[in-house]
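# Understanding the architecture of this molecule
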Amino acid sequence: MEQAAGCPAVGGSYPQKNAEILSSQYGINLFLAGLLLTFAWAVHAVGISKSHLLSYLITLMLIQLLWMLWYLCRSCTQRRLIRDKDTHAGARWLKCGITLFAVITLILDSFKIGYYVDFSNCLSPTEGIFPVTHAVHTILQVYFLWCHAKDVIQSFKTLERFGVIHSVFTNLLLWTNGVLTESKHQLNEHKERLITLGFGNITIVLDDHAPQCNCTTTTLCSIFSQGIYYLYPFNIEYHILASTMLYVLWKNIGRKVEHHQQNKTPFKFHGITVGMIFGLIVLTSTIAIVVVYLIQIGGSKIKSELALTMFYLHAIFVLALMCTAGIVALLIYRLEDRSLDNSKNPARKLDAELLVGTAAGSWLLSWGSILAIICAQGHPKYTWYNLPYSVLVIIEKYIQNLFIIESIHREQEKVNDDIKTLRIVTVSRGSTLSLTPLYKEIYNGRAACDSGDVPCLFKGSICRGENDGAGVVKEETSQDNSLVMHSASDFSVYSSNSVTNNKRRILKNIAAFLFLCNLSLWIPPAFGCRPEYDNGLEEIVFGFEPWIIVVNLAMPFSIFYRMHSAASLFEVNCKT
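You'll find the protein entered in an unreviewed UniProt entry as OTOP1 protein, with Ptilorrhoa leucosticta given as the organism. For the record of the protein, the UniProt heading Subcellular location (unreviewed entry) holds the text "Cell membrane". UniProt lists a comment for the protein under the heading Sequence similarities (unreviewed entry), and it reads "Belongs to the otopetrin family."

## Comments concerning a nonpolar patch on the surface
Judged by side-chain polarity, I113, V117, V132 and V136 come together as a nonpolar surface patch covering roughly 300 Å² of accessible area. Secondary-structure elements contributing two or more residues to the nonpolar patch are α3 (92-118) and α4 (126-148). Considering the arrangement of structural elements, one finds V132 in helix α4.

## Comments concerning the packing of helix α2 (residues 50-77) against α4
Between α2 and α4, the least distance of the axes is 9 Å, while the angle of their chain directions is 30°. With respect to α4, the element α2 is oriented roughly parallel. Both α2 and α4 take part in a crossing whose hand is left-handed. Looking at the contact of α2 with α4, its residues break down into 17 nonpolar, 10 polar and 2 charged.

## Some points on the pattern of salt bridges
This structure, assessed with the given rule, holds 5 salt bridges. For K251, the salt bridge goes to E20, with nearest N and O atoms at 3.8 Å. In this pair, K251 sits in helix α6 (residues 218-251) while E20 sits in helix α1 (residues 2-42), placing the two residues 231 residues apart along the sequence. Judged by its relative accessible area of 34%, K251 is partly exposed. Residues E160 and R74 are paired through a salt bridge, measuring 2.5 Å at the closest nitrogen-oxygen approach. Of the two residues, E160 is situated in helix α5 (residues 157-196) and R74 in helix α2; the sequence distance between them amounts to 86 residues. Look at E160 and you get buried, because its relative accessible area is 0%. According to the relative accessible area criterion, R74 is buried, its value standing at 9%.

## Digging into the packing of α3 against α4
At a minimum axis distance of 9 Å, the contact between α3 and α4 shows a crossing angle of 165°. The angle between α3 and α4 places the two elements in the roughly antiparallel class. Helix-helix and strand crossings are classified by hand; for α3 and α4 the assignment is left-handed. Every residue of α4 that contacts α3 at R92, K95, C96, I98, T99, A102, T105, L106, D109, K112, I113 and Y116 is listed here: E127, G128, F130, P131, V132, H134, A135, T138, I139, V142, L145 and W146. Across the contact of α3 with α4, the residue classes break down as 14 nonpolar, 5 polar and 5 charged.

## A few points about the environment of G128
You can see G128 is positioned in helix α4. Relative accessible area serves as the criterion here: at 12%, G128 is assigned to the buried category. Through-space distance from the C-alpha of G128 to that of G114 is 9.0 Å; in sequence the pair is 14 residues apart.

## So, the confidence of the model for the protein
Counting all residues, the mean pLDDT for the protein is 77, and 72% of those residues have values of 70 or more. Segment residues 1-11 is flagged for pLDDT under 50; beyond a separation of four residues in sequence, or across chains, it makes 0 contacts in the model. Segment residues 415-475: pLDDT under 50, and 95 contacts once partners within four positions in sequence are set aside and those in other chains are kept.

Calculation notes
Along every chain, residues carry numbers that run from 1 in the direction the sequence is written. Only residues with pLDDT of at least 70 get local features here, since the model is predicted, and only at 80 or more are side-chain atom pairs given and counted; chain-wide, interface and lining totals rely on the full set of residues. Note that the side-chain values use all heavy atoms of the structure and ignore hydrogens as well as water. UniProt positions are given in the numbering used here, feature names are shortened, and annotations may be inferred rather than shown by experiment. Patch rule: a residue counts if its relative accessible area is over 30% and it has no salt bridge; like charges are joined within 9 Å, and nonpolar side chains (Val, Leu, Ile, Met, Phe, Trp, Tyr) within 5 Å. Areas reported here follow the Shrake-Rupley algorithm with a probe of radius 1.4 Å; residue values treat only the protein chains shown as occluding. Between Lys or Arg on one side and Asp or Glu on the other, a salt bridge is scored when a side-chain nitrogen of the former is within 4 Å of a carboxyl oxygen of the latter. Per the convention used, a helix needs a DSSP run of H or I reaching at least four residues, while a strand needs a run of E reaching at least two, with both numbered from the N terminus. Lines fitted to C-alpha atoms define the axes here, with helix axes fitted over just the stretch in contact, and angles between the N-to-C directions of these axes take values from 0 to 180 degrees. Oblique is the label for any angle not covered by the other classes, which are roughly parallel (under 35 degrees), roughly antiparallel (over 145) and roughly perpendicular (65 to 115). With the far helix as reference, a near helix turned anticlockwise by less than a right angle produces a left-handed crossing, and one turned clockwise produces a right-handed crossing. Polarity classes work like this: nonpolar for Ala, Val, Leu, Ile, Met, Phe, Trp, Tyr, Cys and Pro, charged for Asp, Glu, Lys and Arg, and polar for all others, with Gly in that last group. Each residue's exposure class comes from its accessible area (1.4 Å probe, protein chains only) as a fraction of the maximum for that residue type: buried when under 20%, exposed when over 50%, partly exposed otherwise. In this description, contact between two residues means that some pair of their heavy atoms is separated by no more than 4.5 Å. Confidence per residue, as judged by the predictor, is encoded in pLDDT with a range of 0 to 100.

Right under this line is the structure:
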């Protein structure tokens with residue numbers, strides 16, 4: 001009878017598993033088709049233009065818009081029903097971050113619309129339709145994620161799997177399109193910088209997709225064309241964040257959620273002053289370095305070499321500080337005896353996989369630079385700084401990944417939940433007991449005896465009840481011993497608590513410092529400060545085109561790693 005009862009449950013899982021496999025294959029094929037179309041446009045394949053690529057992306061966005069509207073309408077009609085929620089998914093700070101990136105993305109879309117209006121005589125209509133569709137898509141998607149990122153879908157599961165996975169890969173294709181457009185812009189400026197460094201023997205035909213007509217208003221065209229590329233980094237981060245949040249939603253479809261209360265972990269500035277100060281110093285200095293780098297690089301050979309040297313020295317110093325902070329945090333973890341939370345959590349699992357997976361992009365570039373320094377016949381002075389820089393990039397990511405992954409898997413302390421009021425019994429000779437709530441007890445003991453009238457002390461104390469209704473203690477010596485034992489136990493508890501609080505304060509400062517450092521290291525590559533392009537040594541060893549391909553493939557993952565690490569460290573700071 002037990003087997004018969006269990007068979008339907010087991011058999012019922014097969015259709016859902018098949019739906020998961022079918023939807024994932026649908027999404028992968030959708031992505032591969034768009035990826036090949038993007039590649040064909042990038043290499044100027046015969047018969048494929050930018051309008052074909054944009055038409056494909058517009059179609060995908062319109063399909064996603066229809067699905068999101070259907071889901072929102074259905075949710076509105078079922079708003080009275082109690083729905084399962086994944087409390088770990090779609091954190092408020094993550095929603096705020098994606099909203100900020102979405103607002104800047106809308107500004108980017110408005111720039112594209114203005115650019116199309118100025119060059120409307122020679123641009124395809126799809127280049128005007130795309131930013132409008134993308135703006136509507138962005139607004140509705142952000143609203144959808146704010147309202148439904150935590151949903152655990154239990155109805156229409158097969159249909160919803162296809163809808164969510166379609167949204168995931170639509171955002172990935174929009175991310176790919178943004179990365180390619182931004183990389184092509186960086187590549188067009190790269191050769192001029194190399195020529196100023198003396199690498200004139202490297203030749204490549206610059207890829208230019210500029211309109212073949214004059215602008216109606218020259219000033220506005222210049223603002224739009226230049227401003228677009230400064231806004232692309234935020235657009236890129238927006239789409240990759242959206243795809244990760246939607247992927248967690250997809251993994252949660254049909255999942256059985258344990259109903260338990262999650263402790264809220266709000267962000268507080270209290271106790272992280274030191275980490276914030278040092279982090280802000282790093283952030284300010286990094287912005288200054290990037291500004292000077294972009295001004296100096298390409299001006300002359302001497303200025304370019306000084307800019308590269310300045311960048312490497314600053315990065316070496318910052319990475320060394322981050323390695324030290326990460327090692328200190330890991331040593332504190334080794335001194336603590338706290339169990340890890342191994343419960344099923346799609347959001348946490350995805351965070352860990354993304355950290356390691358995207359770090360591979362930086363590791364690839366670093367090992368390429370190390371190999372180039374070893375194998376190159378000539379070494380300009382500034383290229384030697386690239387060696388410790390590349391080594392530290394590898395070590396720092398290794399240590400930071402270990403710290404973040406262990407932090408998000410550690411069980412959160414429940415100090416506030418376990419603290420109960422401790423009442424101290426003050427005894428006066430020949431008088432009744434005085435009950436005073438002066439301290440707090442970090443034990444799971446009861447606040448009072450079964451009668452509820454007289455409190456219990458720590459282990460080893462005497463729980464005193466009423467004696468013949470008088471409430472008088474029988475033995476004075478026993479009272480004194482009880483109070484002494486209470487005092488010693490109380491001192492021991494608060495000494496231990498003080499050490500724990502000091503450790504937590506150090507960890508919170510380290511997390512805050514690393515958070516700002518990762519934001520600082522995200523800025524240079526996101527806004528065009530890329531020594532992997534401008535160094536020149538790697539192009540000589542590997543060849544110009546092969547190295548540029550490696551950089552263009554690895555750099556987006558390296559940029560995303562910094563932003564994702566910053567988001568994870570923010571969560572670590574809240575949980576610590």
